[in-house]
Structures are given as C-alpha cells and as structure tokens.
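Observations on the three-dimensional arrangement
As a plain string of letters, each chain reads:
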Amino acid sequence: MTVLVLHTLPPEAPGPDRLVDEFELSGAAQNIASVLPEAVVHGVRGEVREILTLIDQHPQAVVFNACEAPLGRPDLEAHVAALLEWLGVRFTGCRSETLALCRRKDLASAVLRAVGVPVPATVDLNCPIFPCIVKPAGEDGSACLDHRSVCENAEALHAAVTRMRQAAVVQEFVPGREFAVSLWGNYQPDFVSIGETVFEKGLRLITYAAKWHLESADFANSPMRYNSEIAPELRTAITAAAQGAWRAVGARHAIRVDVRLDTAGHPRVLDVNPNPEISPGVGICRAVQEAGWQWPDFVRELVKWA
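Residues numbered from 1 in each chain as written. Predicted model: local features only at pLDDT ≥ 70, side-chain atom pairs only at ≥ 80, totals over all residues. Heavy atoms only, no water.

A separate point is helix H4 (residues 96-103). Across the eight residues of H4, six count as buried, placing the element largely inside the fold. Where H4 is buried, its residues touch helix H3 (77-87), helix H5 (105-114), helix H9 (232-249) and strand E11 (267-273). (Buried < 20%, exposed > 50% of the residue type's maximum accessible area, 1.4 Å probe, protein only. Helix = DSSP H or I, 4+ residues; strand = E, 2+ residues; numbered from the N terminus. Contact = heavy atoms within 4.5 Å.)

Counted according to the given criterion, the structure contains three cavities of 30 Å³ or more. Estimated volume of the largest cavity: approximately 190 Å³. Lining the largest cavity are 16 residues; nearest its centre among them are Phe64, Asn65, Gly93, Asn275 and Pro276. Put simply, the parts of the chain that give the lining of the largest cavity at least two residues each are strand E3 (62-66), strand E10 (253-261) and helix H11 (295-305). Ranked by residues supplied to the lining of the largest cavity, first place goes to E3 with three residues. Here the lining of the largest cavity is composed, by residue class, of eleven nonpolar, five polar and no charged. (1 Å grid on protein atoms, 1.4 Å probe; cavity = no way out; pocket = protein on both sides within 12 Å on 5 of 7 lines; lining within 4 Å. Points joined across faces, edges and corners; volume = space filled by probe spheres on them. Nonpolar A, V, L, I, M, F, W, Y, C, P; charged D, E, K, R; others polar.)

Another aspect to go through is the sheet that holds strand E6 (residues 168-172). Strand order in this open sheet of three strands is E5-E4-E6, and the pairing throughout is antiparallel. Of all the strands in the sheet, just strand E5 (150-151) and E6 have a single pairing partner and so form its edges. With five bridges joining them, strand E4 (residues 132-136) and E6 adopt antiparallel strand pairing. By the bridge assignment, Ile133 is partnered in E6 with Gln171. Across the sheet, helix H6 (residues 154-164) lies against E4, E5 and E6, angled at about 5 degrees from E4, the strand it touches most. (Pairing = 2+ DSSP bridges. Axes fitted to C-alpha atoms, helices over the stretch in contact; angles between N-to-C directions.)

With that settled, consider the nonpolar core. Counting residues in each nonpolar core, the largest one holds 43 residues, and the members touching the most others are Val257, Val269 and Val272. The element best represented in this core is H9, accounting for seven residues. For Val269, the residues in contact, after removing those within four places along its chain, are Leu112, Val117, Pro118, Val119, Pro120, Ala241, Ala245, Val257, Asp258 and Val259. One finds Val5, Leu36, Trp293 and Phe298 within the second-largest nonpolar core, a separate group that totals 26 residues. (Core = buried A, V, L, I, M, F, W, Y, C linked by side-chain atoms within 4.5 Å.)

Tracing the backbone through its elements, the reader meets Phe199 in the loop between strand E8 (191-197) and helix H7 (208-212). Expressed as a C-alpha distance, the spacing of Phe199 and Val123, which sit 76 residues apart in the sequence, is 24 Å. Excluding residues that lie within four positions of it along the chain, Phe199 makes contacts with Glu178, Arg204, Leu205, Ile206, Asn221, Ser222 and Arg260.

Pairing in this open sheet of five strands is antiparallel, and the strands run E9-E8-E7-E10-E11 from one edge to the other. If you trace the sheet from one side to the other, it starts and ends with strand E9 (224-225) and E11, each paired once. Relative to E8, strand E7 (residues 178-185) is paired through seven bridges, and the arrangement is antiparallel. Note on E8: the bridge partner recorded for Ala180 is Gly195.

This next bit is on the layout of surface pockets. Here the second largest pocket defines a volume of roughly 470 Å³. Along its surface, the second largest pocket is lined by 22 residues, and Pro16, Asp17, Arg18, Cys144 and Arg165 are the ones closest to its centre. For the lining of the second largest pocket, the secondary structure elements donating two or more residues are H6 and H7. Looking at the lining of the second largest pocket, the element that brings in the most residues is H6, giving three residues. Here the lining of the second largest pocket is built from residues that sort into eleven nonpolar, four polar and seven charged.

This is the structure:
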C-alpha cells in the first residue's frame, strides 16, 4: 500500500510579523516517510489541480495529510481534507468539519462550553473583567500573541483589540499552570501524554516568539517538560477535560489540547489543535515517545486508522 505524504510548501511572503519557519513542513513530512518504506513525499503549493494530479498518479494511496496552509493561507487548512473526503480518499488526521471548527476559537469555545467542557469565560467589552487576554479568532500557532495580549485595564484592552486587525476573542486570563495534552486513537482518545509549559522570569503565556523565535528570551523562558509532578486527581481532571474536547469537536487520530488551571486549580481548555506539530523531537512526536511509544509504531497506527 502506497502512502502519499502530502504537505504544503511555505509561502514566499508569509505576511507581517510571521516567519517562513512557521509554514515549513518538509522536515515533518520526511520524519513521517522515514518510517514508512511505502511512502512517497510531495510538497504542494495547495492548488486544487495540483492535488488532483497527485491523487490520479497514486489512485490506491492513503494520504498522510500534513497540509496546514494551502497557498500560504492557514484559513484554507480544512479545504484539503474536504477535497479528499469529496474524492473518497482515505487520509490521516481530523476531518474537514473538525479542522474548520477548531480554526475559529470563538466557535470552538462555544461548542465546548455547550457540552460542559470547562473553558475560560468570554469577556464582555462593555463590562470587562481583568486580567483578560486578547487572541485572534481565526489563527493558530500563537499568531499575534505577545506580552501586550494580557490586559490589566481598559486602556490596554482597547489597544490590544485595535492592534489585532482582525476578529478578536477576549477571554478571562487563566493564571495557573499550563499543560499540552496530546491525545491519539482512532475515533476515541485512547492514549494520552501530558507535558507542562513552565513559565520563567515573568513570562505569562506562550507568545509567537516563544513558539517560533528560537533565539528569543520568550522561547528560553517557556520550556516544555514531561516530568512535572502532577497529582493523580489533577491528572485525571486534565485528561477528562481534554478528552471531552476531543469528543466535542469530533476529533480522530491525533490532536493536542491546551489546558490551563484557573485560580481554584481547576482545568480550563484554552485551545484545541486538530493538526498538531509532527516535526522531529517536538510536538506530538515528542509526546508519544514520552508516553512510551515508538515513533514508527505511532505513524503506522495513524495510517491504519485512515
């Protein structure tokens, strides 16, 4: 069985304040193909005809979907999955409706809240609570987040919303410990790995710099650790919140859920990432290994579940 590892190529001009590295997926694709002798790797700009041609060339292939930004646009992430669904092609990862839902933080949060998954409170701009955080409604990868995103007063809130230049989500700032919960399974979140982002030297959130500027102070001050002490009751609560998010958004195969503790020590789901990082040594690649899985076994399971 052929596995077509399909990934999007980075745009030549990623936009203001965005790095090309954010869109570079060739290393991730090769990391997948390295454990699949039957794999062929293709990077695509994201044109529909371009993808259709590859599908025609590999008519019996399972697609390992590593497409995040067709035509350099993260808002088109769900479209590749939708095209594969339309064609009846088997592929790994979440389906298009899950990808589309989770891209809109405001809608995803409303869905989670409606089924009882704990999320931060939405802030009414006419009667704000502080501290609060301002995030873009339709971005991922910590885009647009910096130290000014956490607002302590009305003046800072107005400046943050104005600076966003797109639809914004304003929520209460949840101040406690932050966990990255990786979940995987076919249609149920059967396997879990929990890492903790440890904030140091006054850093309060994962900024864009912390995620992508590897030489920055923010990156240095937000290490991910998998050996943190987590009380059994807390681990159970964190896992339950993340599994509830999986079911609420209709996930499959693998996702990452960001969870943070409120002032009472209760978990709140900040974000659901249905297309998690799969580059070597980071993201879900590291998470599954920390949980005792071998990377080849994980990749083969994803292909089997497709």
